[in-house]
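These are the residues of each chain, in order.
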Amino acid sequence: MAVGIFDSGLGGLTVMNAVQARLPDVAFTYLGDNAHAPYGVRDMDDVYELTRAGVARLWEDGCNLVVLACNTASAAALRRMQEAGVPEGKRVLGVFVPMIEALTERRWGDNSPPRQVSVQHVALFATPATVRSRAFQRELAFRAIGVDVETQACGGVVDAIEEGDMILAEALVRSHVDALKRKMPNPQAAVLGCTHYPLIEAAFQDALGPDVKLYSQANLVADSLADYLARHPDMVGEGQGLRHLTTGDPARVSDRATQFLRRAVTFQAA
Ligand code: DGL
């Protein structure tokens, strides 16, 4: 039994890496739905069905807790899955809330009314589906008042990363940052609202300039997962170690993952 980490493809590895470093004694099973990536250009029902199937696969595999290490899946499916009801003893969590809590200077699980926060102009970079869902603004409105959010749907970036074409991914980042700056010339903070984007975080920081504070999810999710597991020890599985599963071609996905993480990663067929 392990904690499950789910993403449409390779992006969740940024979260996987951080949670494993933070919780080295916990066993994890990663599932990338590479056969169906990218999710960000699909409609909400489609993303919901794919996410539900992926999470069910990890639950069947023995994971009691599954983290959606994917903003698009979190935006389209998390609330809907929780409202539909999860099987006895199983849980699913997303990646949005930890990031918004960091941005709004809240401690994990602080549900007090929304209040004024220091950051007022925030740029959100995410997939077209996440931007369309407005889930980020909704979660933010529960916690903060007076924050101006400008969004930029970063079409093409996830495809380029999944294909391993980092030159294209970086060129697309520059053009998406330019487009954002035409709408919001001086953002104070920028949120990388897609778990693939930390793989090209330097390109975002470079295009935005050194004065813009970047929020990226991996470490924030790792901290909040550590906190959650301390409060719910029954959700920590037994054993140790890490398994990687994919719905795509294991050899191809292993190559890309090894290239991104700069260490050998071996995927098996899901
Ligand atoms: N990494 C994902 C996210 O955080 C999904 C990207 C995609 O499949 O389009 O949104």
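Provided above is the structure to which this section pertains.
This write-up is about the structure you can find in this document. Nothing here was measured: the structure is a model prediction, and the numbers come from that model. (Residues numbered from 1 in each chain as written. Predicted model: local features only at pLDDT ≥ 70, side-chain atom pairs only at ≥ 80, totals over all residues. Heavy atoms only, no water.)

1. Some words on the packing of aromatic side chains
Logical step 1: Evaluated as defined, the whole model comprises five aromatic pairs.
Logical step 2: Put simply, the rings of F125, Y197 and F204 touch in pairs and so form one group of aromatic residues.
Logical step 3: Just above the ring of Y48 sits the side chain of R80; from NZ or CZ to the centre is 3.8 Å.
Logical step 4: Lying across the ring of Y215, K213 places its NZ or CZ 4.8 Å from the centre. (Phe/Tyr/Trp six-rings, centres within 6.5 Å; stacked < 30°, edge-to-face > 60°. Lys NZ or Arg CZ within 6 Å of the ring centre and 35° of its normal.)

2. Quick look at helix 8 (residues 166–183)
Logical step 1: Given a rise of 1.5 Å per residue, 18 residues ought to cover 26 Å, and the 26 Å separating the end C-alpha atoms of helix 8 matches this to within 8%.
Logical step 2: Along helix 8, the residues that are buried comprise M166, A169, V173, H176, V177, A179 and L180. Summarising the axial view, the buried residues of helix 8 lie within an arc of 160°, below the 170-degree limit, and thus occupy one face. Exposed and oriented more than 90 degrees from the buried face of helix 8 are I167 and R182. (Helix = DSSP H or I, 4+ residues; strand = E, 2+ residues; numbered from the N terminus. Expected span 1.5 Å × (residues − 1). Buried < 20%, exposed > 50% of the residue type's maximum accessible area, 1.4 Å probe, protein only. Arc of directions from axis to C-beta.)

3. A closer look at the site of the ligand
Logical step 1: For the ligand, the set of nearby residues contains 13 residues, the closest of which are S8, Y39, G40, T72 and H196.
Logical step 2: In the model, an oxygen atom of the ligand is placed 2.8 Å from a nitrogen or oxygen of the T195 main chain.
Logical step 3: H196 has a polar side-chain atom sitting 2.7 Å from a nitrogen atom of the ligand. (Near = heavy atom within 4 Å. Polar contact = N/O pair within 3.5 Å; in protein donor to acceptor, adjacent residues only side chain to side chain.)

4. A few points about the sheet that holds strand 11 (residues 242–246)
To summarise the sheet geometry, strands pair through backbone hydrogen bonds and adopt either a parallel or an antiparallel arrangement.
Logical step 1: Across the sheet, six strands lie side by side as 4-3-1-2-11-12; this open sheet has parallel pairing. Of all strands in the sheet, those bounded by a partner on one side alone are strand 4 (91–93) and strand 12 (267–269). Taking each pair of neighbouring strands and ignoring which way they run, the sheet shows an average axis angle of 25°.
Logical step 2: Bridge count for strand 1 (residues 3–7) against strand 2 (residues 28–32) is five bridges, and the pairing is parallel. Directly across from I5, in strand 2, lies its bridge partner Y30.
Logical step 3: Docked against the sheet, helix 10 (residues 217–231) engages strand 1, strand 2, strand 3 (65–68) and strand 4, running at close to 160° with respect to strand 3. (Pairing = 2+ DSSP bridges. Axes fitted to C-alpha atoms, helices over the stretch in contact; angles between N-to-C directions. Contact = heavy atoms within 4.5 Å.)

5. A look at the packing of helix 2 (residues 44–60) against helix 3 (residues 71–84)
Logical step 1: Contact pair helix 2 / helix 3: the axes reach a minimum separation of 9 Å and the direction vectors enclose 70°. Compared by their axis directions, helix 2 and helix 3 come out roughly perpendicular. In this structure, the crossing between helix 2 and helix 3 has a hand that is right-handed. Contacts between helix 2 and helix 3 involve M44, D45, V47, Y48, T51, R52, V55 and W59 on the former and, on the latter, T72, A73, A76, A77, R80, M81 and A84.
Logical step 2: Taken together, the residues that form the contact of helix 2 with helix 3 break down as 10 nonpolar, two polar and three charged. (Parallel < 35°, antiparallel > 145°, perpendicular 65-115°, else oblique. Left-handed = near helix turned anticlockwise from the far one by under 90°. Nonpolar A, V, L, I, M, F, W, Y, C, P; charged D, E, K, R; others polar.)

6. A look at the sheet that holds strand 8 (residues 148–153)
Logical step 1: As summarised here, the arrangement of the four strands in space is 8-6-9-10, forming an open sheet in which the pairing is parallel. With one partner strand each, in any of the chains shown, strand 8 and strand 10 (213–215) form the two edges of the open sheet. Each strand of the sheet is rotated relative to its neighbour by a mean of 20°, with strand direction disregarded.
Logical step 2: By the bridge criterion, four bridges tie strand 6 (residues 121–126) to strand 9 (residues 189–192) in an arrangement that is parallel. In the strand pairing of strand 9, V122 is matched with A189.
Logical step 3: Along the sheet, helix 4 (residues 96–103) makes contact with strand 6, strand 9 and strand 10, crossing strand 9 at roughly 170°.
Logical step 4: Across the sheet, helix 8 touches strand 6 and strand 8, and the angle it forms with strand 8 is around 150°.

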